[in-house]
Amino acid sequence: MGHPAERAAPERAVIPATGFEGRRVGVLGLARSGLAAARALAAGGAVPVCWDDGEAARAKAEAAGLELADLNREREVASLDRLIVSPGIPHLYPEPNPVVASAMAAGVPVDNDIGLFFQALGRLDEPPKVVAITGSNGKSTTTALIAHCLRHAGLPAQMGGNIGRGVFDLEPPGEGGVLVLELSSYQIELARTLAPDVAVFLNITPDHLDRHGGMGGYFAAKARLFLEGAPERAVIGVDEPEGVYLANRIEEPVRLSVERKLRTDGWTVFMNRNHLTEWRAGRQQAAVDMRQSLTLRGAHNHQNAAAAWAACRALGLAPRRIEAALMDFPGLAHRLERLGEADGVVYVNDSKATNADAAEKALMAYDNIRWIVGGRAKDGGIDVLRPLFGKVVKAYLVGEAAEAFARTLADRPHEVCGTIEAAVARASAEAAPGEVVLLAPACASFDQYPDFEARGEDFRAQVAPLLGGS
């Protein structure tokens, strides 16, 4: 079969995973992050031994020149120097993957691509600065916003991790490079090495509880980035008890809040009505009127902006540079994405609002809304959104949930349209200047679309002619 390190020579420059020269390192799970980790190991002189239970994934790895071995065989696992596991593979709850269990029983260290990546960065002659962002909500927007601010200031920034590119798909950083990484609890919990320069904790709400054995395990997974990662600067949202606790465990954190003013002797960033405010050494350092931003609307985006502000300040950016970048931020696709304005009517794509909690944030961000809502309903539907129905001029109902949502809306103006195409046509015909046509479905997309991205693209396509596009 030939030596895998020779056959798996990377097609382009990669950050090599060094420290395992000539040793067999297992890679379990051959999706995006697994394949990239295997290539990085080969580039660093290791012998990656790969496995995935999916035949198509194995074929892709073999085509890339990587050695395959069935790691379900205990003898194969016991021969490894280390096992690298993809984030979606459980190692403890709800029950360990059999391969992972075999490795642990045999004393083979188990890691993931994030731990491997931080080890690799530590061996570079000029390691880059790393900003790592975690939290239950807002990670992607905050990651993209920090990267945008850094690039706006002329710094060579890349973003990846749980957004866009896997960590080993990033280009080798040059002098002054900054890597901005979105990290999920799955990625943090198993990483044997965590060493960000700046780490951001946004918030926490119940999620992935089966995987983490409950809320305590979920919080503990995220807290590892700070308590074991020992960042030079920690930025902590303190609007939940867990954030307050975490900030209390860390020396000189930057505390964030969108719910209260944090005028303390420490370093804080908070919302003072509509103004993002930095407070440091007992005095105000800067204040930015967030009403001037077209894309960072609503309390959740104000938290994202506050976190980005604090992280960029920790990296030395001046307030004026950050403010200019915040106002210039285009937003992420399908997340309160402002598509444009025609005849005084604004069109907003929040297809990512796949449940009522997410739709609530969208409805709170605007007034005078013509609301396109529906799809495959989640438990509870839109009942919890009743207090916000007064912000809705009219609802346009689509998908499987249309009839049920019509009953919930009762005497509030609404119309069953069935499709997004029909809903956009009706909403745009009826909208008046000063109103917002908002797609915030509060539902999964799977009744009519393969994913929320496809749903958002359909909405964008229907709106484009109204905005002068084709």
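Whatever comes next refers back to the structure up there.
Here the structure is a predicted model, which is why all the values come from computation and not from measurement.

Asks: In this structure, what is going on with the sheet that holds strand β5 (residues 110–111)? I would like to understand it.
Replies: Sheets are built from strands paired through backbone hydrogen bonds, the pairs being either parallel or antiparallel. In spatial order, the strands read β3-β2-β1-β4-β5; together these five strands make up an open sheet with parallel pairing. Edge positions in the sheet fall to β3 (67–68) and β5, since each has one partner strand and no second. With five bridges joining them, strand β1 (residues 24–28) and strand β2 (residues 47–51) adopt parallel strand pairing. By the bridge assignment, Leu-28 is partnered in β2 with Trp-51. Helix-sheet contacts for helix α5 (residues 98–105) involve β1, β4 (82–85) and β5, and the interaxial angle to β4 is about 155°.

Asks: Just checking my understanding: could you explain the sheet that holds strand β17 (residues 369–374) for this structure?
Replies: The strand order across the open sheet formed by six strands is β15-β16-β21-β17-β19-β20, and the pairing between neighbours is mixed. Whereas interior strands pair on both sides, the edge strands pair on one side only; in this sheet they are β15 (337–342) and β20 (414–418). Sheet twist, expressed as the mean angle between neighbouring strand axes with direction ignored, is 20°. Of the pairings in the sheet, the one linking β15 to strand β16 (residues 345–349) comprises five bridges and is antiparallel in character. Following the sheet pairing, Gly-340 is matched in β16 by Tyr-347. In the packing of helix α16 (residues 420–430) onto the sheet, the strands contacted are β16, β17, β19 (392–398), β20 and β21 (436–439), and the crossing angle to β19 comes to about 160°.

Asks: What's the story with the nonpolar core in this structure? I'm lost.
Replies: If you look at the biggest cluster of nonpolar residues, it comprises 52 residues, and the most contacted ones within it are Leu-41, Phe-117, Phe-168, Leu-181, Phe-226 and Ile-236. Leave out the neighbours within four places in its chain, and Leu-181 touches Phe-117, Phe-118, Val-130, Val-131, Ala-132, Ile-133, Thr-143, Gly-160, Gly-161, Val-167 and Leu-170. Listed in part, the 41 residues of the second largest apolar core include Leu-150, Val-235, Ala-306 and Cys-312.

Asks: Got a minute to help me understand the pattern of salt bridges in this structure?
Replies: A pair can form between side chains of opposite charge whenever their charged atoms are brought close. A full pass over the atoms with the stated rule returns 23 salt bridges. Among the ionic pairs, Arg-426 bridges to Glu-430, the shortest N-O distance being 2.6 Å. Taken together, the residues Arg-426 and Glu-430, both in helix α16 and four residues apart, mark about one turn of the helix. We classify Arg-426 as partly exposed; its relative accessible area is 33%. Put simply, Arg-370, Lys-394, Glu-415, Arg-426, Glu-430 and Glu-435 are held in one network by salt bridges that share partners.

Asks: I would appreciate a short explanation of the pairing of β4 in the present structure.
Replies: Two faces make up the sheet, and in a regular strand the side chains alternate between them. Across the two faces of β4 the burial is the same, with Arg-82 and Ile-84 and Leu-83 and Val-85 all buried. Here β1 runs beside β4; their pairing, made up of four bridges, is parallel. Following the sheet pairing, Leu-28 is matched in β4 by Val-85. In the sheet, β4 pairs with β5 via two bridges, with the strands oriented parallel. Across the sheet, residue Ile-84 finds its bridge partner in β5, namely Asp-111. Traced from β4 through α5 to β5, the parallel crossover comes out right-handed.

Asks: Whenever I open this one, the packing of aromatic side chains confuses me. Can you help?
Replies: Any pair of aromatic rings gets described here by the distance separating the centres and the angle formed by the planes. Evaluation of the coordinates by the stated rule reveals five aromatic pairs. Between Phe-201 and Phe-226, the aromatic rings sit 6.2 Å apart at their centres with planes inclined by 80°, giving edge-to-face as the arrangement. Of the two residues, Phe-201 sits in strand β9 (residues 198–201) while Phe-226 sits in helix α10 (residues 215–227), which places them 25 residues apart along the sequence. The class of Phe-201 is buried, set by a relative accessible area of 0%. Note on Phe-219 and Tyr-245: the rings are 6.1 Å apart at their centroids and 70° apart in plane angle, and the pair reads as edge-to-face. Residue Phe-219 is located in helix α10, and its partner Tyr-245 is located in helix α11 (residues 241–248); the two are separated by 26 residues in the primary sequence. On the basis of relative accessible area, Phe-219 is assigned to the buried category, the value being 13%. Classification of Tyr-245 by relative accessible area gives partly exposed; the value is 42%. Here a set of aromatic residues connected by ring pairs shows up, and it is made of Phe-201, Phe-219, Phe-226 and Tyr-245.

Asks: Sorry if this is basic, but what is going on with helix α12 (residues 298–314) here?
Replies: Residue pairs spaced three or four apart in an α-helix point in one direction, given the helix's 3.6 residues per turn. End to end, α12 covers 24 Å across 17 residues, agreeing with the expected 24 Å (1.5 Å per residue, within 8%). Counting buried residues along α12, 14 of its 17 residues qualify, which places the element largely inside the surrounding structure. Residue Gly-316 follows α12 closely and has a positive phi angle near 100°.

Asks: In this structure, what is going on with the packing of helix α7 (residues 139–152) against helix α13 (residues 319–328)? I would like to understand it.
Replies: Running from amino to carboxyl end, α7 crosses α13 at an angle of 120°, the nearest separation of the two axes being 9 Å. Taken as axis vectors, α7 and α13 run oblique relative to one another. Classified by chirality, the crossing of α13 by α7 is right-handed. On the side of α7, the interface is formed by Leu-145, His-148, Cys-149 and His-152, while α13 contributes Arg-321, Ile-322, Ala-324, Ala-325, Leu-326 and Asp-328. Among the residues forming the contact of α7 with α13, the class breakdown is six nonpolar, two polar and two charged.

Asks: How should I be thinking about the environment of Arg-192 in this particular structure?
Replies: You can see Arg-192 is positioned in the loop between α8 (185–189) and β9. For the pair Arg-192 and Asp-113, spaced 79 residues apart in sequence, the C-alpha separation works out to 9.7 Å. Discounting chain neighbours no more than four positions away, the residues touching Arg-192 are Arg-82, Pro-109, Val-110, Asp-111 and Gly-115.

Criteria and cut-off values
Residues numbered from 1 in each chain as written. Predicted model: local features only at pLDDT ≥ 70, side-chain atom pairs only at ≥ 80, totals over all residues. Heavy atoms only, no water. Pairing = 2+ DSSP bridges. Helix = DSSP H or I, 4+ residues; strand = E, 2+ residues; numbered from the N terminus. Contact = heavy atoms within 4.5 Å. Axes fitted to C-alpha atoms, helices over the stretch in contact; angles between N-to-C directions. Core = buried A, V, L, I, M, F, W, Y, C linked by side-chain atoms within 4.5 Å. Buried < 20%, exposed > 50% of the residue type's maximum accessible area, 1.4 Å probe, protein only. Salt bridge = Lys/Arg side-chain N within 4 Å of Asp/Glu carboxyl O. Right-handed = clockwise from strand over helix to strand, strands pointing away. Phe/Tyr/Trp six-rings, centres within 6.5 Å; stacked < 30°, edge-to-face > 60°. Expected span 1.5 Å × (residues − 1). Parallel < 35°, antiparallel > 145°, perpendicular 65-115°, else oblique. Left-handed = near helix turned anticlockwise from the far one by under 90°. Nonpolar A, V, L, I, M, F, W, Y, C, P; charged D, E, K, R; others polar.

Taken by themselves, the reported measurements are silent on function.
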